[in-house]
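Chain by chain, the residues run as shown.
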Amino acid sequence: MIIGEIVVTDNIKKSYLQQKDLIDRLSKKNNKFYYINCYNLFNKKNFVNYKSCKNKKIIFYNPKSIKELDNFLSKNQIFLINNVSPKLYHLKIHLLLNKKNIFQVSFDNLGTLGSYYVDNWKSVNLNRKIYYLYTKKFAFFIYRLLIIFGFIKTIDILYLARKNVFQKYSLSFFRKLPFHKRYKKIIPTKPRDVKFNKKILSEEFITYIDMNFNHGDILRRSSKKINKNAKNFFLKDLKNYLFYLEQKLKKKVVLCLHPTSNKLKYQKIFKEFKVVKYKTDTYLLKSYLVIFHESSIINHAILINKKIIQLSTKNLGLYFYERMKLFSKNFDFVTHDLEKPQPLINKSLINQLNLKVKNQKKSLNKLYFLNKGTKSLYNLIDYEINLLRKNKINL
């Protein structure tokens, strides 16, 4: 049996790192894990870099035509994580999967705090709104019809970590209709499963979680173009704030970069501080204090009981500001505005941060399935793979 995930991406490193722990564990347990990347079905230029993944048990399969993909899927019994979005230009992949006897699972919102309204409507430009209506709403309507009439296969299981999203899917009007459903079963799971090495737990650093101020999402979605001066003001304010914290708390600042950030650029801008990439969880464990703007990795800091300050700024535009508000709305973080004078850093602030640690964990429990009875995504998928193997033997 082949165990794998089907995706469409030109950034395999980012895609892999988002679920690294899950994929590494599945590849180890099953000796192989296939990454089926259909990027070249839609883009003739092959510039996807597969060298970034060091796990030799992961096999990257890159079909160059729908016929090649068809032949591959026809020869094997497959357990497939379907991560191909329901967009019109992905339709031929979904139609092909419909012809195959493949057990498919999918997962969503594994720790990601998002809002369709904020991300695709409230703070975005007109082009982005049109793009959203076409790629999300119109495409969703077409896919819904194709699923109802059996042209697209129902996904066997959808795993969800966010409680409100689980409730939304479970109570959906479409699930009550006597037609083909988009998902046969919807099962709750814990957020992204990360194994923390608590042996290195300490309070050595002030850890800043970068969100990449040049990220494509910010640039594409912003209703107004972010000018160079505003970016420079943001960087200057951030540098001054981090330097101020370092001096007051007598702890070294470490910048943990977003996977898409340019490390050389950051090292040039923040030469006074240590800059690292792909080591965020390690430095979270070693943190005395965690600083962030908006990032779902903050969940990890909450789970290991770290003190947290959220930084606010309007210099990066409305979209980014609304994303920050999304986090402050769901968690009662201490917030510092980068555009205001430096805040007091004293015992009173530290006591306030310590008091908020428990409340932040309570807020996390309201958002996600974190109770002991809820299984991790790896355990749930491993169970279905074993069940599928057992059924094959019994046949």
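Draft legend 1. Seen up close, the overall build of the protein chain. Along the backbone of the protein chain there are 15 helices and 13 strands. Relative to its full complement of 395 residues, the protein chain shows a buried share of 50%. Considering only residue pairs separated by 6 or more positions, the protein chain has 76% of its internal contacts joining residues 24 or more positions apart. Of the roughly 20900 Å² of accessible surface on the protein chain, a fraction of 54% belongs to carbon and sulfur atoms.

Draft legend 2. Fine view of the packing of aromatic side chains. Taken as a whole, this structure holds twelve aromatic pairs when the rule is applied. Between the aromatic rings of Phe 33 and Tyr 35, the centroid separation amounts to 6.3 Å while the plane-to-plane angle is 65°, which identifies the pairing as edge-to-face. Under the relative-accessibility criterion, Tyr 35 is labelled buried at 0%. Aromatic side chains Phe 42 and Tyr 89 sit 6.2 Å apart centroid to centroid with 75° between the ring planes, which places their arrangement in the edge-to-face category. One end of the pair, Phe 42, is in the loop between strand E2 (33-37) and strand E3 (58-61); the other, Tyr 89, is in the loop between strand E4 (78-82) and helix H4 (91-98), and 47 residues separate them in sequence. The rings of Phe 292, Phe 327, Phe 331 and Phe 333 are connected pair by pair, giving a single aromatic cluster. In this arrangement the basic side chain of Lys 307 is found over the ring face of Tyr 288, its NZ or CZ atom lying 4.0 Å from the centre.

Draft legend 3. Expanded view of the sheet that holds strand E12 (residues 307-312). The six strands are arranged E10-E9-E8-E11-E12-E13 in an open sheet whose pairing can be described as parallel. Edge positions in the open sheet fall to strand E10 (274-277) and strand E13 (334-337), since each of these has one partner strand only. Taking each pair of neighbouring strands and ignoring which way they run, the sheet shows an average axis angle of 25°. In terms of strand pairing, strand E11 (residues 287-292) meets E12 through four bridges, oriented parallel. In the sheet register, Ile 291 faces E12, and the bridge partner there is Ile 309. The strands touched by helix H14 (residues 347-367) within the sheet are E11, E12 and E13, with E12 carrying the most contacts at an inclination of about 100°.

The rules behind each value
Residues numbered from 1 in each chain as written. Predicted model: local features only at pLDDT ≥ 70, side-chain atom pairs only at ≥ 80, totals over all residues. Heavy atoms only, no water. Helix = DSSP H or I, 4+ residues; strand = E, 2+ residues; numbered from the N terminus. Buried < 20%, exposed > 50% of the residue type's maximum accessible area, 1.4 Å probe, protein only. Contact = heavy atoms within 4.5 Å. Areas by Shrake-Rupley, 256 points an atom, 1.4 Å probe, with all protein chains shown as cover. Phe/Tyr/Trp six-rings, centres within 6.5 Å; stacked < 30°, edge-to-face > 60°. Lys NZ or Arg CZ within 6 Å of the ring centre and 35° of its normal. Pairing = 2+ DSSP bridges. Axes fitted to C-alpha atoms, helices over the stretch in contact; angles between N-to-C directions.

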